[in-house]
Amino acid sequence: MGVRYVLEGSVRKAGTRVRIAGQLIDVLTGAHLWADHFDGSLEDVFELQDKIAFSVAGVIEPALQMAEMRRSAARPTTDLTAYDLHLRALAVFFPVTRERILKTLALIDPEH
């Protein structure tokens, strides 16, 4: 499919209860970047759906950003794009210290 990451899940039902599980997977490595499950009542299925959507949306972006930062940091410095430099700078910047700021600035603007 040409994708780097896949969100997959499953649904199990027992009586009026339901468990929905999800996981975010790096397709190329098979690594699991995030996994969780959500339990709820079928009577409140729309509330459960909203809870899952809100939770997953809030977790996926940071998980993907961390995965991309790790992937970027492992690449040779001779083949970096502006986005890779941005991700490397973020990884170096936090937690903020004087030394980390200087390393970040060197990644963002190597001529200075």
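Here, the structure is the one placed above.
This is a predicted model, so every value here is computed, not measured.

S.K.: So what exactly am I meant to see when it comes to the sheet that holds strand β3 (residues 32-41) here?
M.R.: Strands belonging to one sheet form pairs held by backbone hydrogen bonds; the direction of such a pair is parallel or antiparallel. What the three strands build is an open sheet, ordered β1-β2-β3; its pairing is antiparallel. Edge positions in the sheet fall to β1 (5-14) and β3, since each has one partner strand and no second. Neighbour-to-neighbour, the strand axes of the sheet open up by a mean angle of 15 degrees, direction not taken into account. Bridge count for strand β2 (residues 17-26) against β3 is nine bridges, and the pairing is antiparallel. Residue Leu24 lies in a different strand from β3, and its bridge partner there is Trp34.

S.K.: Help me out: how do you make sense of the side chain of Asp26 in this one?
M.R.: Relative to the elements of secondary structure, Asp26 occurs in strand β2. Sequence-distant contacts of Asp26, defined by excluding residues within four places in its chain, comprise Arg4, Tyr5, Ala31 and Leu33.

S.K.: What am I meant to see in a nonpolar patch on the surface here?
M.R.: Where nonpolar side chains cluster on the molecular surface, the patch consists of Phe94, Val96, Ile101, Leu102 and Leu105 and spans about 450 Å² of accessible area. A residue is classified by how much of its surface remains accessible, and Ile101, at 32% relative accessible area, is partly exposed.

S.K.: Looking at this model, I keep getting lost on the nonpolar core. Mind explaining?
M.R.: For soluble globular proteins, the rule of thumb is that nonpolar side chains tend to be buried together. In terms of nonpolar packing, the biggest core is built from 11 residues, these being Tyr5, Val18, Leu24, Trp34, Phe38, Leu48, Ile52, Val56, Ile60, Ala63 and Ala67. Counting only elements with at least two residues in this core, the list comes to β2, β3 and α1 (45-74). The element contributing the most residues to this core is α1, with six residues.

The rules behind these values
- Residues numbered from 1 in each chain as written.
- Predicted model: local features only at pLDDT ≥ 70, side-chain atom pairs only at ≥ 80, totals over all residues.
- Heavy atoms only, no water.
- Pairing = 2+ DSSP bridges.
- Helix = DSSP H or I, 4+ residues; strand = E, 2+ residues; numbered from the N terminus.
- Axes fitted to C-alpha atoms, helices over the stretch in contact; angles between N-to-C directions.
- Contact = heavy atoms within 4.5 Å.
- Patch = residues over 30% accessible without salt bridge, like charges linked within 9 Å, V, L, I, M, F, W, Y side chains within 5 Å.
- Areas by Shrake-Rupley, 256 points an atom, 1.4 Å probe, with all protein chains shown as cover.
- Salt bridge = Lys/Arg side-chain N within 4 Å of Asp/Glu carboxyl O.
- Buried < 20%, exposed > 50% of the residue type's maximum accessible area, 1.4 Å probe, protein only.
- Core = buried A, V, L, I, M, F, W, Y, C linked by side-chain atoms within 4.5 Å.

Don't take any of this as a statement about function, it's just geometry.
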